[in-house]
Amino acid sequence: LALRIALLALLALSFAKPVWERKTVITMEEGSILHLIVIDTSFSMQYGDWFERARADAIRIVADMAEADVAQLLVASNNLQVVTEPTSARAELTGSLNALQAGAGHLDFGVMMAGIDSLIRDQRQNIRIHVLSDFQTGGLPGRFADLVPRSRAGYLTELELHPVSTAEDNVNLYVDTITRTPAGLEVG
């Protein structure tokens, strides 16, 4: 009975997609900025060169940081994942960026922002959040307020959006249907 209850609890946690908090103490100079670089690794980012555009933009953000700034790399798809701890080592950040790949998940911007809010809640420095995505309409939450980072008294929190798709792309990729046929799976 105990094993069954534990299995049910584990199953409920896996569907809830919790964000596990890690307490990270960052020592930063006065006036420096923590750059949270969030890259969309959902399925739609595999279209054309969108993921390569996102990677190039992220590398540019790292290169343009001030000397005293630090950055932390995050990826967002079905949930938010921490790739690197906050660091000023540009080579480490660039190496981690080069190792990233787009996956098969679906990005929900509301879930992403809730995860970011839990990461920055106790941070005591100015933060700039860079979101690099194709901004598919299917990932938008029901409320606009879910896209806005919560304010932190006395500290600046900026949100910068870096779209990788252009007006010429005019594509909004999503999976509408999956049907099992005798020949295999048919995806629409």
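Just so it is clear, the structure is predicted and the values come from calculations on it, not from any experiment. (Residues numbered from 1 in each chain as written. Predicted model: local features only at pLDDT ≥ 70, side-chain atom pairs only at ≥ 80, totals over all residues. Heavy atoms only, no water.)

## Examining the pattern of salt bridges
Stage number 1. According to the stated counting rule, one finds five salt bridges in the structure shown.
Stage number 2. Note that Arg53 and Asp49 form a salt bridge whose closest N and O atoms lie 2.9 Å from each other.
Stage number 3. Overall, Arg53 belongs to the partly exposed group, its relative accessible area being 24%.
Stage number 4. In this structure Asp49 comes out as partly exposed when scored by relative accessible area, which is 39%.
Stage number 5. When the shortest N-O distance is used, the salt bridge between Arg128 and Glu160 registers 3.4 Å. Of this pair, Arg128 sits in strand β4 (residues 126–133) while Glu160 sits in strand β5 (residues 157–163), and the two are 32 residues apart along the sequence.
Stage number 6. If you follow the salt bridges from partner to partner, you end up with Arg128, Glu158 and Glu160 in one network. (Salt bridge = Lys/Arg side-chain N within 4 Å of Asp/Glu carboxyl O. Buried < 20%, exposed > 50% of the residue type's maximum accessible area, 1.4 Å probe, protein only. Helix = DSSP H or I, 4+ residues; strand = E, 2+ residues; numbered from the N terminus.)

## A closer look at the packing of helix α2 (residues 50–63) against helix α3 (residues 90–99)
Stage number 1. Put simply, α2 and α3 touch, their axes get as near as 10 Å, and they point 175 degrees apart. Classed by the angle they form, the pair α2 and α3 counts as roughly antiparallel. Contact with α2, carried on its side by Arg55, Ala58, Ile59, Val62 and Ala63, involves Arg90, Leu93, Thr94, Leu97, Asn98 and Ala99 of α3 and no other residues of that element.
Stage number 2. A class-by-class count of the residues in the contact of α2 with α3 yields seven nonpolar, two polar and two charged. (Axes fitted to C-alpha atoms, helices over the stretch in contact; angles between N-to-C directions. Parallel < 35°, antiparallel > 145°, perpendicular 65-115°, else oblique. Contact = heavy atoms within 4.5 Å. Nonpolar A, V, L, I, M, F, W, Y, C, P; charged D, E, K, R; others polar.)

## Notes on unusual backbone geometry
Stage number 1. The phi torsion at Phe135 lies on the positive side, around 50 degrees, for a residue other than glycine.
Stage number 2. Secondary-structure assignment places Phe135 in the loop between β4 and β5.
Stage number 3. Given the relative accessible area of 25%, Phe135 is considered partly exposed.

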